[in-house]
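Summary of the model geometry
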Amino acid sequence: MAFPSLPPNPSSAAAWRRRSGLVALLLLLLFLSFQVVVHVPSVRSAVSRRLFSDHRHRAAREASPRSCPGCGDLQDVEDFNKTIAYTDQDGRIKLFKVTAREFASSSIWENPLLPRDSYPAAEIQETVEEQQLAAGSEANNVSTAAVSATQRPDPIKLKREVFRRRRKEQRIQELLQMDKEAELQLRNAATNSSRNFDNKVKVSYNIWRQEFHHTNTDSTVKLMIDQIIMAKVYATIARSQNEPDLYASLMKCIKESKAAIGDAHMDSELDSSALERAKAMGHVLSSARDVLYNSDEVSRRLRVMLQSAELNIDTAKKQNTFLVQHAAKTVPMPLHCLHMQLITDYHLRDGVIKEYFQAAALKDEEDKAKLEDRSLYHYAIFSDNVLAASVVVRSTVTNAKEPNKHVFHIVTDKLNFAAMKMWFISHSPRPATVHVENIDNFKWLNSSYCLVMRQLESARLKEFYFKAHDPSSLSDGTENLKYRNPKYLSMLNHLRFYMPEIHPKLDKILFLDDDVVVQKDLTPLWDVDLKGMVNGAVETCKESFHRFDTYLNFSHPKISENFDPRACGWAFGMNMFDLKEWKKRNITGIYHYWQNLNEDRKLWKLGTLPPGLITFYNLTHPLDHTWHVLGLGYDPAVDIAEIENAAVVHYNGNYKPWLDLAVSKYKAYWSKYVDVDSSHIRHCYASKQ
């Protein structure tokens, strides 16, 4: 502002000075009014609190102006508005209007000792007061100390916020400073991870489904069994310490708990009184513990019980093995009945039976040429089980594309020859050819030529098998009980090593065990190139299982010097033999050599697979696994898809399909090829039911 020059008149000069002083005073007041600087949230929250606190007083004054002396002057002050200038957080100048009364009672200057982030506490207090006003509370019960405590910020939360902010800024700086190569590697890694991610649902699983609510359905049973064990411990201690009453109580509770459990394996199978018995047992055990408990004595008694339980388990395992072996080698009554019926019909030969024999005699004359025809498909079956052999033949013919070209050579013993012959006379699998022979008719098969026959007839082997009290006997528990199976003493089991002598005119023959089922046409096997090998078989080794060291004694120098312990084993049961190569390599001679060395059973135990592995070592061509699937006679976990896709399934093991021991889910693959229309089968198996 420019001031005018002084006038020449002294009186006028005095008047000019008075006007200038008034103007300066007004400018000073105006300057001071614009210098008030307050914090934005503090001003707003303070004004809000003042407005809320005076809400009722204003309403009262408006309703009854005479009830408040001096209210007129106060109203005049409130109507006088002031404009306040302040700076916000970004440094911008803001204007805010309040009345003089509100400004005078509510102005809050910023405390330099508190952090600038303390304003959220004021907002919290503002919210609390708003809620109290909305609820219509008549009095404010919040003390000044409480309000101050609420307004104070939590230093731990402030530190966490500062830490998170700094960490975020640090991460941003690291990403900004990352070079292009590192960024490209990070991007490629994320891309590869997304490509390799397998989102395929492997199992439908949901913890909320009812079937996955695994409750302990046998918790009470286990509790009662544990109680019985501890009661037995305390009972023995009570008897040794002359506590007859406690001993009697414990024995009574043991008896009652055992009766309540019975044969139950789940809580739902328990007797209704089981829970009460468990409670009563708990009280008695508590009393016994107070009287008898001694840690050393209890641990000693438990060790004795543990050792006794282990001995009982070993005994039970041996007994179970023996019973399974006994059941496996026992002929079921229906099967025995079938043999007896067939033998009777064979020897009577009257009535309709004569017609069967006449037709069979004519067919034998027609089929004589087929028995040595090398263009046909020939099978070798060695069996003393009529029903099993019939299933092998019937399943093969049923699935063959040209059944008239299939010829079956069945060899059995003298005891079962009549039954086997009669079955295939009365149940001829036409148009296929079946030829049944008696092993006793092989004159070349004698102890002078066949070493194993001499060994099977030896007194030492009979003692090894049947003399119960001899130290070398299997019944003494020194050897595996599975070798007590009579098949190891049967010459039919060893006849597979004499194929060229049995079939001198043939070039190739497919050997089938009598516990297999054929599910596909097998004629492509005759076209498989064995690449100069003698034996075509499916290998059975998996990781460390079924390798040579499983079957042979590699501590013997003859074995360790000639064979690889990691060589892969293979299976007897479906084997394609090249008889021309057999004769050229003198396979039977190799078998005789090793069989003679094993007369004392030091190289391998009994059976035909170990000498087979030795005889055909480096002379076996592996076939595709789908040709032959094993394990249906002992393994309940064979993959069903593999079974259904297999050409031949093998019930190797003790659980044969014609026994009650058979695994039920595998039995259908065998039983569907049983000729249920046969009068013999209906008669014998109906009597069983």
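Note that this is a predicted model, so its numbers are computed, not measured.

In terms of burial, strand β9 (residues 574–578) is largely enclosed, as five of its five residues are buried. For strand β6 (residues 508–512) and β9, the ladder comprises five bridges, and the chain directions are antiparallel. Bridge pairing links Phe511 to Asn575 in β9. Relative to β9, strand β8 (residues 535–537) runs antiparallel, the two sharing two bridges. Paired with Gly536 across the two strands is Met576, which belongs to β9.

For the structure on display, the rule yields two disulfides. Across the disulfide from Cys541 sits Cys568; the S-S distance is 1.7 Å. Between Cys541 and Cys568 the disulfide shows an S-S torsion of about -95°. By sign, it is left-handed. Of this pair, Cys541 sits in the loop between β8 and α22 (548–551) while Cys568 sits in the loop between α23 (557–562) and β9, and the two are 27 residues apart along the sequence. Residue classification places Cys568 among the buried positions, given a relative accessible area of 19%.

Turning next to the UniProt feature "coiled-coil region" (unreviewed entry) in the protein chain. Sites flagged by UniProt as "coiled-coil region" (unreviewed entry) map to residues 165–192. End-to-end, the C-alpha atoms of residues 165–192 are 32 Å apart, and along that stretch the chain is 93% helix and 0% strand.

What follows covers the sheet that holds strand β11 (residues 628–629). Adjacent strands of a sheet form backbone hydrogen bonds with each other and so pair up, either parallel or antiparallel. Taken in spatial order, the three strands line up as β7-β12-β11 in an open sheet, and their pairing is mixed. Since the sheet does not close on itself, it has two edges, and those belong to β7 (516–518) and β11, each with one partner. As paired elements, β7 and strand β12 (residues 648–650) share three bridges and run antiparallel to each other. What sits directly across from Val516, in β12, is His650.

Once that is clear, we can look at unusual backbone geometry. In this model, Arg430 is joined to Pro431 through a cis peptide bond whose omega is 10°. Relative to the helices and strands, Pro431 is located in the loop between α17 (417–426) and β5 (433–438). Non-glycine residue Lys531 carries a positive phi angle of around 55°. Tracing the sequence through the fold places Lys531 in the loop between β7 and β8.

Read across the sheet, seven strands follow the order β5-β4-β3-β6-β9-β8-β10 without closing on themselves; strand pairing throughout is mixed. Edge strands, defined here as strands with exactly one partner in the open sheet, are β5 and β10 (620–622). Taken over all neighbouring pairs, the strand axes of this sheet differ in orientation by 25° on average, direction set aside. Of the strand pairs in this sheet, strand β3 (residues 377–382) and β6 are connected by two bridges, and their pairing is parallel. Paired with Ala380 across the two strands is Phe511, which belongs to β6. Against the sheet, helix α16 (residues 386–399) makes contact with β3, β4 (406–412), β5 and β6, and its axis sits at roughly 175° relative to β4, the strand it touches most. Across the sheet, α17 is in contact with β4 and β5; its angle to β5 comes to roughly 170°.

The rules behind these values
- Residues numbered from 1 in each chain as written.
- Predicted model: local features only at pLDDT ≥ 70, side-chain atom pairs only at ≥ 80, totals over all residues.
- Heavy atoms only, no water.
- Buried < 20%, exposed > 50% of the residue type's maximum accessible area, 1.4 Å probe, protein only.
- Helix = DSSP H or I, 4+ residues; strand = E, 2+ residues; numbered from the N terminus.
- Pairing = 2+ DSSP bridges.
- Disulfide = S-S within 2.5 Å.
- UniProt positions renumbered as here; feature names shortened; annotations may be inferred.
- Axes fitted to C-alpha atoms, helices over the stretch in contact; angles between N-to-C directions.
- Contact = heavy atoms within 4.5 Å.

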